[in-house]
Amino acid sequence: MAGGCAVIWLGGIVPLAGFLAWVVGAVLSAGAMLWIWRHGERARPDRTTLMIAAGASSVWCALAAGLGTEHDATIIAAMARNLALIATIFCLFGADGRAASLKPVRPVIVALVLVQLLQPVVLLVGFRFSGAPQVSQAVFEARALIDMLVAIGALMLLHNLYAGAASALRPVLRWTGIALAGIFAYDLNLQTVAYLGGSTAGALGDARGLFAGIMAALFALGMNAAGPRAQFSPSRAVTFRTLSLLLIGGYLVGMVLVTKSLALLGGDMARASQAAFVVIAIMGAVLALPSARLRGWLRVTATKHLFQHRYDYREEWLRFTRTIGRSGAGNASLEERAVKALADITESPAGLLLMPNEEAQLELTARWNWPTIAIPAVAGDYALSGLLERHNFILAIDEARGGIDHHGEAAQVPDWLIEAEDAWALVPLLHFDRLVGVIVLARPRNPRQLDWEDFDLLRVAGQQLASYLSEQAGQQALMDASRFDEFNRRMAFVMHDIKNLVSQLSLLAANAEKHADNPAFRADMLVTLRNSADKLSALLARLGRYGSGQVNALGSIELVELARGIAERFKGVHRVALTREHPVRVVGNREALEQALIHLVQNAIDASEPEMPVFLDITSEGLHGAIDVVDAGKGMSPAFVRSGLFKPFVSSKSGGFGIGAFEARELVKAMGGRIAVESREGLGTRFSVVLPLADAVQLLLAQDSENERGVA
């Protein structure tokens, strides 16, 4: 009997306690609304929305006390309170008064509002099919899921709100943030228990009204603290993680909703459909999540719509400096690191570095992750270099393909760049208004158009890279000058010794003419000594001429005849063959030109297999004639051709002194010519020695003479 009375007593007390909890919640919420209206800080951006939220909370608690928590009017009132709380969060994000601050959170806010507005739709479905128990249970679970999603989204927004606010401004948000977090955390736990249990939680549900009233009182307490307006600066890392969690949560909720909906079919068909859907969903997730293209698209989309700027400049600068500063043995060269540093900014998978030669023509210097693209020896004409140097603009290659012309660059973009579909952007590297190089970036995995932010960041990064490359070139020039000084000091001693030797040999020859008794011996000795003296004198003249940059006794040279003599000279050592023998006459110094060609042919022989011939090809074009030295040997890398081939004391051969190629180029330059190089590793090398045609020089001289007579 006593036990029955206790049950009856508890059965009456528990509903009464729940009723009182809802009543107290209504009173506290109404009091909070009045307090905020009378005493709340009027400068606070969330004052109006908090008043509405407190009023809606009071109405909701009163309806729950009078009509019950599952009544449609009570549910609508709870939805109105949640919408007011979401509006409060929105106002706090926009507290700095700028529309741009709302951009990162506006899509999430809109999504939460739309999810919350699904409650009336679910209620309408439940009212329409109120007689079916399965439908009623599905409606209950859908309502719980909606409240869970809203609570999760609101908690993530609150975390970003507090984490993104300045430290000095966080106290202003403290009480309001605690109250909002408390409300949504309580709702999340309540709806999770209800969803898992399949029915409304008893005591936890009854205490909901009292807890809502206490949190409304915290709203009033937070409104009493006056302070500066909060300014939100969203964290990209936190935002991306938040979006990832939202996507994962949406994926799981979608799976639950679909499987629950399929369960309404009943029978074996329902179970088979559920199993098939789960398998398909898991396979789709497994295939989609590892996709680099999908992740890139999500990142670009999120950055475009959630942030005022695409780039996190602090992170970009740290990554840029780490890439450039990563030097040492086994690491990439500075040129390759420069390409990678710029490509990482735009997430380009590959890139090229082109640098101007002495004639302002662009040549390949380094490539990063782009081994397949074919680049000619002259990658860009001097007109393109001058255009980039004058205007300092970043060339969007897609615009050039489409015929868009800003500065007259459409006619100067080389064909190989237009034909390379992966080529995306061309970034000039300028240092003190001088073009140091050009970087070609490959198209990102997630294609997009270049915009103003890309142009600004790439231009600044390009200027920084230009300073690094110029500094390296300056240091290399100082090292070369220092080596030249040492070389010249040593050569002075060598020349002094050779002079003494020549004098001694000449004196010996003179004495031998006077004192040698045997005529035959004397004649032989004289021939030998005079030949030695002549050779040493020639060597002395060569060493004295070295580095002067001057070649005397210019005259007409028949290239075919010269090429035949060189081929005959190497007969028995290596096969040297002529490909064409059309007569071509150029102007130069025969001895100096022969010396330069012998060095180039010897290099070609050293780089070739014994059975592979070296070819000499004589051609003429326009006002110039050329003799090419072609081999199918090991070839040279673009970096070595650019920075090592014609630099003294740098050699690709073990034991090489590294001055032969430099001397050959200086000799040809002194004759008014030039040396061009085309080389590919594993394919071979072509050296082209280009000199002015004799007929063209004579014609120019005749014109100059006529002009002088006319003036006279």
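Calculation notes
What you see as residue numbers is a count from 1 along each chain, following the sequence as written. Per-residue local features of the predicted model are confined to residues with pLDDT of at least 70, and side-chain atom pairs are confined, for both listing and counting, to 80 or more; whole-chain, interface and lining totals are unaffected and use all residues. As a convention, hydrogens and water are excluded, and side-chain values are obtained from all of the structure's heavy atoms. The rule is short: rings of Phe, Tyr and Trp, with Trp giving its six-membered ring, pair when the centres are within 6.5 Å, and they are stacked under 30 degrees, edge-to-face over 60, tilted in between. By the criteria applied, helices consist of DSSP H or I runs no shorter than four residues and strands consist of E runs no shorter than two, each listed in order from the N terminus. The buried label goes to any residue with under 20% of its type's maximum accessible area, the exposed label to any with over 50%, and the partly exposed label to all in between, with areas taken from a 1.4 Å probe on protein chains only. Only heavy atoms matter for contacts: two residues are in contact if any of them lie within 4.5 Å across the pair. One speaks of a salt bridge when a side-chain nitrogen belonging to Lys or Arg is within 4 Å of a carboxyl oxygen belonging to Asp or Glu. At least two DSSP bridges between two strands are needed for those strands to be called paired. Lines fitted to C-alpha atoms define the axes here, with helix axes fitted over just the stretch in contact, and angles between the N-to-C directions of these axes take values from 0 to 180 degrees.

Let us now look at the packing of aromatic side chains. A full pass over the atoms with the stated rule returns 3 aromatic pairs. Judged by centre distance (5.1 Å) and plane angle (85°), the ring pair of Trp22 and Trp60 falls under edge-to-face. Taken as a pair, Trp22 in helix H1 (residues 2-39) and Trp60 in helix H2 (residues 47-67) lie far apart in primary sequence, 38 residues in all. The pair formed by Trp22 and Trp60 is uniform in burial state, with each residue classed as buried. For the ring pair Trp317 and Phe320, a centre distance of 5.6 Å and an interplane angle of 15° mean the geometry is stacked. One end of the pair, Trp317, and the other, Phe320, are both in helix H13 (residues 313-325), 3 residues apart, so they sit about a helical turn from each other.

Quick look at the side chain of Ser57 now. Mapped onto the fold, Ser57 is located in helix H2. Leave out the neighbours within four places in its chain, and Ser57 touches Ser29, Arg81 and Ala212.

For the rest of this paragraph, the subject is the pattern of salt bridges. In the structure shown here, the tally under the stated rule is 14 salt bridges. Between Asp456 and Arg459 there is a salt bridge whose closest N-O contact spans 3.6 Å. Of this pair, Asp456 and Arg459 both sit in helix H18 (residues 452-515), separated by 3 residues, roughly a single helical turn. Exposure remark for Asp456: the relative accessible area of 39% places this residue in the partly exposed category. According to the relative accessible area criterion, Arg459 is partly exposed, its value standing at 25%. Put simply, Glu358, Arg665, Glu666 and Lys669 are held in one network by salt bridges that share partners.

Another aspect to go through is the pairing of strand E9 (residues 614-621). With 4 bridges joining them, strand E7 (residues 576-580) and E9 adopt parallel strand pairing. Looking across to E9, one finds that Ala577 is bridged to Phe615. The pairing of E9 with strand E10 (residues 624-631) spans 7 bridges and is antiparallel. Across the sheet, the residue bridging to Leu616 is Val629, located in E10.

Next up on the list: the sheet that holds E9. The strand order across the open sheet formed by 5 strands is E7-E9-E10-E12-E11, and the pairing between neighbours is mixed. Of all the strands in the sheet, just E7 and strand E11 (674-680) have a single pairing partner and so form its edges. Between one strand axis and the next, the sheet turns through 20° on average, direction left out of account. The sheet strands contacting helix H20 (residues 559-569) are E7, E9 and E10, and the helix crosses E7 at an angle near 160°. With respect to the sheet, helix H21 (residues 590-607) is in contact with E7, E9, E10 and strand E12 (684-692), its orientation differing from that of E10 by roughly 25°.

None of the figures reported here should be taken as evidence of function without further support.
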